[in-house]
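Given next are the chains, with one letter for each unit.
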Amino acid sequence: MHEAPPTPSPTSPAAPAEPLSHGLKQRHLTMLGLGGVIGAGLFVGSGAGIAVAGPAIVVSYLIAGALAMLVMRMLGEMSAAMPASGSFSVHAERALGRWAGFSVGWLYWFLLVVVLAVEATAAAQIAHGWVPGVEPWAWVLLFMVVFTVANLTAVKNFGEFEFWFASLKVGAIVVFLVLGGLAVFGLLPDTDPVGMTNLTGQGGFLPNGWSGVVSGVLTVVFAFGGLEVVTIAAAETDDPARAVGRAVRSAVVRILFFYVGSMLVIVTVLPWTAQQAGLSPYVKVLDAIGVPSAGQIMNIVVFVALLSALNANLYGSSRMIFSLAERGEAPRGLLKVSGGGADGTTGQVGGVPRRAVLASVAFGFVSVLLNLLWPDTVFLYMLNSVGAVLLFVWALIAASQLRLRARLEQEAPDALALRMWWFPYLTWVTLAGLLGVLLLMLTDDAARPQVLWSAGATALVLLAAVAREWRESRARRDPSALTDR
């Protein structure tokens, strides 16, 4: 396989302009970076990690968060130098060839539209608990329609939704950290200082040894997925390079603070044995310190987190498939944008890839139906097939950065406004860490099917990419062998 000649070089001034709107502001991008990964995986899923790692879940989050932070630094470096709506898919194509851009783009799109079904269904179950008279499928339909309309209109509407959703999530975690910190020092009514009892008791800080820490990493690493949307959205700001640099710098540190800080509060206030998989540890802590209606409060926060993720995934999937179409890797009809054509003259109201949005929504509806009708068979296979895709995407981001960094330093060093730390050593460390997580997943009975199914899905996409390159190579030798696309 080879790099396609039509692909612009990473520093080429002749690269075509994006025909999308520039309606996103810096505050939208910053809050998207902060709130993009703060979801149900943190508020509910963290209980499973605590159950296997104990207080050492803090170390598990530090390891997983460090991996995510390094990947985002690499992605931020490339996106600041070469902003594009396809983000890492475009970078992979420029660094490794069309096969890589095609593969990572379609895999990420498939990941988003499948996970979208999980989020819509989970949010519908919460809403059904509040209003039992409305069936879950009706709530799913309502959510999908609302966010489809929001994404079909000006991109600033998506930005406003995400800004307020993220603000609520970030605000909830800040309040939790403050209340938890006060409880630790016995500064709340009817509370005594906790000290180190829960960190060192119940089997110690490492009750299940380092194997528990490793199991914790496997449980929590996917909770950091979603940060990538920041670099996709950066292409729709007035100053993409500056915007993505600021968003990446602020997001990774603050997210580590929110995740690791939350876990430290949780395992300090309560014994780790009090936590259960499937139950929110945040609710347990709030109940313990006497916050009334803690369960309902957290239900509202989780509900908002799910809707936020649904909105972000719909946006990200539409821009990814639009970028694929722009490079000839998806149907060209998806390039149509509102308010004008592909000449880059659209304003904030126009410039929305409506056909790309509808294509993503259509597959999202299919995923939702499969989740409602066959959650334990057909949809489970689909979910497993994207279970490890995020790690494959992160690995391709690292591989792309290895190639593009050297090229940028030679051709346009001034474009490197944001640089990866200790290049290339930390990039290689990140690749080794991602490979290690995948190998550990293969040894875990629960995670193994996800790796195998995801590897199968990846192999199919790679075969499609190879077949496409072979077909086009044959056509270059014999033009009559290829009909017009």
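Structure shown above.
Quantities reported herein were computed from a predicted structural model and do not represent experimental measurements. Residue numbers run consecutively from 1 along every chain, following the written order of its sequence. The predicted origin of the model limits local features to residues at a pLDDT of at least 70 and limits the giving and counting of side-chain atom pairs to 80 or more, whereas totals for whole chains, interfaces and linings rest on all residues. As a rule here, side-chain values come from all non-hydrogen atoms in the structure, and water together with hydrogens is ignored.

Caption draft 1: Just the overall build of the protein chain, in detail. Counting from the N terminus, the helices are DSSP H or I runs at least four residues long and the strands are E runs at least two residues long. On a plain count of helices and strands, the protein chain comes out with 19 helices and zero strands. Taking 23 Å as the expected radius of gyration for a compact globule of 485 residues, we find that the protein chain reaches 23 Å, a close match to that expectation. Principal-axis analysis of the C-alpha atoms places the extent of the protein chain at approximately 80 × 55 × 45 Å. Using a 1.4 Å probe on the protein chains alone, a residue whose accessible area is under 20% of its type maximum counts as buried, one over 50% counts as exposed, and one in between counts as partly exposed. The buried share among the 485 residues of the protein chain stands at 56%. Of the contacts formed within the protein chain by residues at least 6 apart in sequence, a portion of 80% connects residues at least 24 apart. A 1.4 Å probe and the Shrake-Rupley method give the accessible areas. Residues count as covered only by the protein chains that appear here. Counting only carbon and sulfur atoms, one obtains 67% of the accessible surface of the protein chain, whose full area is about 19,400 Å². What the globule rule says is 2.2 Å times the number of residues to the power 0.38, and the radius of gyration is computed from C-alpha atoms. Throughout, a contact is declared for two residues whenever any of their heavy atoms are within 4.5 Å.

Caption draft 2: Spatial organisation of the pattern of salt bridges. Here, a salt bridge means any side-chain nitrogen of Lys or Arg that lies within 4 Å of a carboxyl oxygen of Asp or Glu. The tally for this structure, following the rule as stated, stands at nine salt bridges. Across the salt bridge formed by Arg 98 and Glu 329, the nearest N and O atoms sit 2.9 Å from each other. Taken together, the positions of Arg 98 in helix α6 (residues 98–130) and Glu 329 in the loop between α14 (294–326) and α15 (354–373) put the pair 231 residues apart, joining distant regions of the chain. Since its relative accessible area comes to 12%, Arg 98 is described here as buried.

Caption draft 3: Main features of the side chain of Thr 148. Of note, Thr 148 is situated in helix α7 (residues 136–152). With residues up to four places along the chain from it excluded, the contact list for Thr 148 reads Leu 314, Val 357, Leu 358 and Val 361.

Caption draft 4: Fine view of the packing of aromatic side chains. The rule is short: rings of Phe, Tyr and Trp, with Trp giving its six-membered ring, pair when the centres are within 6.5 Å, and they are stacked under 30 degrees, edge-to-face over 60, tilted in between. Overall, the coordinates contain 17 aromatic pairs when judged by the stated rule. On the basis of an interplanar angle of 65° and a centroid distance of 5.6 Å, the ring pair of Phe 147 and Phe 161 is categorised as edge-to-face. Linking Phe 147 in helix α7 with Phe 161 in helix α8 (residues 155–184), this pair joins segments that are 14 residues apart in sequence. Given a relative accessible area of 3%, Phe 147 falls into the buried group. Just above the ring of Phe 163 sits the side chain of Arg 27; from NZ or CZ to the centre is 4.7 Å. A positively charged side chain is recorded as over a ring if its NZ (Lys) or CZ (Arg) lies within 6 Å of the ring centre. The angle to the ring normal must also be within 35 degrees.

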